[in-house]
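Residues per chain are reported as follows:
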Amino acid sequence: MGGEWRSAASGATREIIDPVDAGVFAVVSEGGVTDTDDAVAAARAAFDEGSWPRTPVAERAALLRRVAALLERDREKIGALESRDAGKTLEEGRVDVDCVRDAFVYFADLVMNESGGRVVDAGSDEIHSVVVHEPVGVCALITPWNYPLLQASWKIAPALAAGNTFVIKPSEITPLTTVALIGLLMEAGLPQGAANIVTGPGATVGARLVEHPDVDLVSFTGGLASGTKVARAAADTVKKVALELGGKNPNVVFADACATEEGFDTAVDQALNAAFIHSGQVCSAGSRLIVEESLRERFVAELARRAAKIRLGRGTDPGVECGPLVSARQLARTEDFVASALAEGAVLRTGGERPEGPGYFYRPTVLDRCDRRMRVVREEVFGPVLTVETFRTEDEAVTLANDTEYGLAGAVWTSDAVRARRVAGRLRHGTVWINDFHPYLPQAEWGGFGKSGIGRELGPTGLAEYREAKHIYQNLAPRPVRWFAG
């Protein structure tokens, strides 16, 4: 905080657990309310009195590009740290670093290509009217444990590009790559106090950030229950709030997508990717397979066969395809969901158990014969669990896909281009893939409908979240109005 690394005021620390073997591999300071107040004060001073909000756009963009270059330099080291901290494979960690680099480059380019404001036609040559955009102020950035580095960049890059200062609170479970990213910001030359980090729990650090009167904006990514608490707490001080609260994402497969062997192989392969990347700990995971009834038996049988062969282990070991769940709590939560599904009538096709040995591993699980009454179909599991529902008509497929309180992402698989566009247009989800699953672009907005959240990240709208619009109206020929007689 304020450009200086320091221990928590209380002296408290937290052990960071390796989810592969449940052993301690790092220790971080455990911040509290006092540390949070100090960090906000540093960010407030840096915004009100410091240089960053008044730094020319070209210089802000240049700093973001320097950060991108440092990420490229440290790709292997940071990717390996993300792999160990979050339990994902090394290749996933590397891809995350690449995506973070791309986010910094994108927002640097975006602000550099903007004009000086939007001129408004006032209907008179004597009036000059323009709308400009200014930074919001002090931003509280609260990120989740599943993609700690990536989610940090989606908030930090646009916040800095817009000229804000911030305090970030990473998940207490996976804080290490966010700490590393703050170090790179310092190395790149960001002014002291513009970037501040407090490692600690949501109940203290997060709650204090949200309610703090000197915080102007809260950007939160996490679960629905926590997100609603954030919204309520932020309302007392009328802060700007952006929330990304996960999803229960449908992957709709029409039979015509599998009319050829290549099409069948691709759809099955992508259904595996949709559900089991990072052990299903992805907000946009395609955890609801909605497959045409005539295709169901063949498709699910092959899906289960391949899922059973997914190689579990430490993400940095050769040949490993899937890592563990992030914590003992998440493992227990996944087990509970599967048990409830089986009790409600789901049919287990593969998985449904933890393998022998240490760590928080759980076998990729396929649950057939599911329906919307089941808890596992309604609620976000955040584990390697795929449910299977079936449909007979296009209308039924769309109804099933939209029958969720969330609306983050979804996909449709079909060889019929007209049907693809028609179904995509009817799906009430913030991102819809056609014959694909999971890719995103930093230049395209990310966020959801319904209880998936408020606002958007990435794209021009993602930058706008961190700005306030100001209308400047200039009368070039002022004269008396004579509204009052005097």
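Residues numbered from 1 in each chain as written. Predicted model: local features only at pLDDT ≥ 70, side-chain atom pairs only at ≥ 80, totals over all residues. Heavy atoms only, no water.

- With an unreviewed UniProt entry as reference, the protein is termed Betaine-aldehyde dehydrogenase, source organism Streptomyces gelaticus.
- Annotation of the protein in UniProt includes, under Pathway (unreviewed entry), the sentence "Amine and polyamine biosynthesis; betaine biosynthesis via choline pathway; betaine from betaine aldehyde: step 1/1." (UniProt positions renumbered as here; feature names shortened; annotations may be inferred.)

### Details of the overall build of the protein
Argument step 1. Scanning the protein from terminus to terminus reveals 15 helices and 18 strands.
Argument step 2. Its C-alpha radius of gyration of 24 Å places the protein within 12% of the 23 Å reference for a compact globule of 486 residues.
Argument step 3. Taken along the three principal axes of its C-alpha coordinates, the protein extends 85 × 60 × 40 Å.
Argument step 4. Split into buried and exposed, the 486 residues of the protein put 55% on the buried side.
Argument step 5. A sequence separation of at least 24 residues applies to 73% of the contacts in the protein between residues at least 6 apart.
Argument step 6. Carbon together with sulfur atoms contributes 51% to the accessible area of the protein, which is approximately 20200 Å² in total.
Argument step 7. Charged side chains in the protein number 53 positive and 66 negative. The centres of these two groups are separated by 2 Å. (Helix = DSSP H or I, 4+ residues; strand = E, 2+ residues; numbered from the N terminus. Rg over C-alpha atoms; globule rule 2.2 N^0.38 Å. Buried < 20%, exposed > 50% of the residue type's maximum accessible area, 1.4 Å probe, protein only. Contact = heavy atoms within 4.5 Å. Areas by Shrake-Rupley, 256 points an atom, 1.4 Å probe, with all protein chains shown as cover. Lys, Arg positive; Asp, Glu negative; His and termini not counted. Charge placed at Lys NZ, Arg CZ, Asp CG, Glu CD.)

### Here's the deal with the sheet that holds strand β10 (residues 250-253)
Argument step 1. Sheet architecture is open: 7 strands sit in the order β12-β13-β14-β11-β10-β15-β16, paired in mixed fashion. Bordering the open sheet on either side are β12 (347-350) and β16 (431-434), each of which pairs with just one other strand. Recorded for the sheet is a direction-independent mean angle of 25° between the axes of neighbouring strands.
Argument step 2. Where strand β15 (residues 409-413) and β16 come together, 4 bridges link them in parallel fashion. Paired with alanine 409 across the bridge in β16 is threonine 431.
Argument step 3. Contacts between helix α13 (residues 394-402) and the sheet are confined to β10, β11 (288-292) and β14 (385-391), with β14 contributing the most and set at about 145° to the helix.
Argument step 4. Across the sheet, helix α14 (residues 417-426) lies against β15 and β16, angled at about 165° from β16, the strand it touches most. (Pairing = 2+ DSSP bridges. Axes fitted to C-alpha atoms, helices over the stretch in contact; angles between N-to-C directions.)

### With respect to unusual backbone geometry
Argument step 1. Although it is not a glycine, histidine 278 sits at a positive phi angle of roughly 50°.
Argument step 2. Within the secondary structure, histidine 278 sits in the loop between α9 (261-276) and β11.
Argument step 3. Overall, histidine 278 belongs to the buried group, its relative accessible area being 3%.
Argument step 4. Look at histidine 438: it is not a glycine, yet its phi comes out positive at around 95°.
Argument step 5. As for its position among the elements, histidine 438 is in the loop between β16 and β17 (453-454).

### Focus: the pairing of β11
Every other side chain in a regular strand lies on the same face of the sheet, so the side chains alternate between the two faces.
Argument step 1. Buried residues dominate β11, accounting for 5 of its 5 residues.
Argument step 2. Here β11 shows no split at all, with Arg288, Ile290 and Glu292 on one side and Leu289 and Val291 on the other all buried.
Argument step 3. Summarising the sheet, β10 and β11 pair through 4 bridges and their orientation is parallel. Across the sheet, proline 250 pairs through a bridge with arginine 288, a residue of β11.
Argument step 4. Traced from β10 through α9 to β11, the parallel crossover comes out right-handed. (Right-handed = clockwise from strand over helix to strand, strands pointing away.)

### Quick look at the nonpolar core
Argument step 1. Residues Leu71, Phe104, Phe107, Ile156, Phe166, Leu185 and Phe299 are the most contacted members of the largest nonpolar core, which totals 84 residues.
Argument step 2. Among the elements that line this core, the one with the most residues is helix α4 (residues 90-112), at 10 residues.
Argument step 3. Setting aside its immediate chain neighbours within four residues, phenylalanine 104 contacts Leu64, Val67, Ala68, Leu71, Ser153, Ile156, Ala157, Leu181 and Leu185.
Argument step 4. Ala43, Val198, Leu209 and Leu245 belong to the second-largest nonpolar core, a separate cluster that totals 22 residues. (Core = buried A, V, L, I, M, F, W, Y, C linked by side-chain atoms within 4.5 Å.)

### Quick notes on a nonpolar patch on the surface
Argument step 1. A cluster of nonpolar side chains, contributed by Val481, Trp483 and Phe484, occupies part of the molecular surface with about 490 Å² of accessible area.
Argument step 2. If you trace the backbone, phenylalanine 484 turns up in the segment after β18 (467-475).
Argument step 3. You can call phenylalanine 484 exposed: its relative accessible area is 68%. (Patch = residues over 30% accessible without salt bridge, like charges linked within 9 Å, V, L, I, M, F, W, Y side chains within 5 Å. Salt bridge = Lys/Arg side-chain N within 4 Å of Asp/Glu carboxyl O.)

### Some points on the side chain of aspartate 85
Argument step 1. Position of aspartate 85 relative to the elements: it lies in helix α3 (residues 75-86).
Argument step 2. Despite being buried, aspartate 85 has no salt bridge partner; arginine 84 is the closest side chain of opposite charge, sitting 8.3 Å away.
Argument step 3. From its side chain, aspartate 85 meets the backbone nitrogen of leucine 176 in a polar contact 3.2 Å long.
Argument step 4. With sequence-adjacent residues up to four places away left out, aspartate 85 is seen in contact with Ile16, Pro19, Phe25, Ile173, Thr174, Pro175, Leu176, Thr177 and Val326. (Polar contact = N/O pair within 3.5 Å; in protein donor to acceptor, adjacent residues only side chain to side chain.)

### As for the packing of aromatic side chains
Argument step 1. Tallied over the entire structure, the rule returns 8 aromatic pairs.
Argument step 2. Taken together, a centroid distance of 5.9 Å and an interplanar angle of 85° make the contact between phenylalanine 264 and phenylalanine 299 edge-to-face. With phenylalanine 264 in helix α9 and phenylalanine 299 in helix α10 (residues 296-307), this residue pair connects regions lying 35 residues apart in the sequence.
Argument step 3. Using a relative accessible area of 6% as the deciding quantity, one classes phenylalanine 264 as buried.
Argument step 4. Among the residues examined, phenylalanine 299 registers a relative accessible area of 0% and is labelled buried.
Argument step 5. Pairing tryptophan 433 with tryptophan 446 gives two aromatic rings, centres 6.4 Å apart and planes at 40°, and the pair type is tilted. Taken as a pair, tryptophan 433 in strand β16 and tryptophan 446 in the loop between β16 and β17 lie far apart in primary sequence, 13 residues in all.
Argument step 6. Overall, the relative accessible area of 6% leaves tryptophan 433 in the buried class. (Phe/Tyr/Trp six-rings, centres within 6.5 Å; stacked < 30°, edge-to-face > 60°.)

### Here we look at the sheet that holds strand β3 (residues 118-120)
Argument step 1. Here we have 3 strands laid out as an open sheet, ordered β3-β4-β18, and antiparallel in their pairing. With one partner strand each, in any of the chains shown, β3 and β18 form the two edges of the open sheet. Sheet twist, expressed as the mean angle between neighbouring strand axes with direction ignored, is 25°.
Argument step 2. One ladder, built from 9 bridges, connects strand β4 (residues 127-135) with β18; its direction is antiparallel.

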